[in-house]
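Read off the chains here:
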Amino acid sequence: QVQLVEFGGGLVQAGGSLRLSCAGSGRSFSRDAMGWFRQAPGKEREFVAAINWSGSMASYADSVKGRFTISRDNAKNTVYVQMNSLKPEDTAVYYCAAAKRSFVVAGTDEYAYWGQGTQVTVSS
């Protein structure tokens, strides 16, 4: 069974940091681009960040650029996002996903596998 499982969500004060992890199982994702998305209550799921198969290229939403960093460890079949300088507007359920391609993509329809999500809440 192919799975992506996110870890590391929680409650943090504004200005704080969290590191989310996403572990894959059931198949290797080392040749797939990986992404992070988020969905706040009443809003559509939105792109946060993505990284290509090798980790040499990344892309970020403007809203998180300079604060979030995506990375991956293909040996561990795991992708991470380091989130610094968190703001209340970053509050959402965060999802990791594996793309259908090896290069960076931002559209949700470009992703084949999704995790179940982890809640991130930033208090003001």
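Residues numbered from 1 in each chain as written. Predicted model: local features only at pLDDT ≥ 70, side-chain atom pairs only at ≥ 80, totals over all residues. Heavy atoms only, no water.

K.L.:
Is there a simple way to think about unusual backbone geometry in this case?
P.N.:
What you tend to see is this: most non-glycine residues have negative phi, and most peptide bonds are trans. A positive phi is found at N77, a non-glycine position, where the angle reads about 55°. Assignment of secondary structure puts N77 in the loop between β7 (68-73) and β8 (78-83). Although it is not a glycine, S85 sits at a positive phi angle of roughly 50°. Within the element layout of this structure, S85 appears in the loop between β8 and β9 (92-99). (Helix = DSSP H or I, 4+ residues; strand = E, 2+ residues; numbered from the N terminus.)

K.L.:
Help me understand empty space enclosed by the protein in this model?
P.N.:
The method is simple in principle: a probe with the dimensions of a water molecule rolls over the atoms, and the space it marks as empty is what remains. One pass over the structure, following the stated rule, counts one cavity of 30 Å³ or more. Quantified by volume, the largest cavity comes out at close to 50 Å³. As for the largest cavity, its lining consists of F29, S30, M34, R72, D73, N74, N77, T78 and V79. Listed by contribution, the elements that provide at least two residues to the lining of the largest cavity are β7 and β8. Of the residues in the lining of the largest cavity, the class split is three nonpolar, four polar and two charged. (1 Å grid on protein atoms, 1.4 Å probe; cavity = no way out; pocket = protein on both sides within 12 Å on 5 of 7 lines; lining within 4 Å. Points joined across faces, edges and corners; volume = space filled by probe spheres on them. Nonpolar A, V, L, I, M, F, W, Y, C, P; charged D, E, K, R; others polar.)

K.L.:
Honestly, the state of the cysteines in this entry has me stumped. Any pointers?
P.N.:
Linking two cysteines covalently via their sulfur atoms produces the bond known as a disulfide. Taken as a whole and judged by the stated rule, the model has one disulfide. In this model, C22 is linked to C96 through a disulfide, with the two sulfur atoms separated by 1.8 Å. Disulfide C22-C96: the torsion about the S-S bond is 40°, which places it as right-handed. Taken together, the residues span a long stretch of sequence, with C22 in strand β3 (residues 18-25) and C96 in strand β9 at a distance of 74 residues. Each member of the pair, C22 as well as C96, is classed as buried. (Disulfide = S-S within 2.5 Å. Buried < 20%, exposed > 50% of the residue type's maximum accessible area, 1.4 Å probe, protein only.)

K.L.:
Would you mind going over the sheet that holds strand β1 (residues 3-7) with me for this structure?
P.N.:
The strand order β1-β3-β8-β7 describes an open sheet built from four strands, whose pairing is antiparallel. Two strands bound the open sheet, and with one partner strand each, they are β1 and β7. Mean inter-strand twist for the sheet, computed between neighbouring axes without regard to direction, equals 15°. (Pairing = 2+ DSSP bridges. Axes fitted to C-alpha atoms, helices over the stretch in contact; angles between N-to-C directions.)

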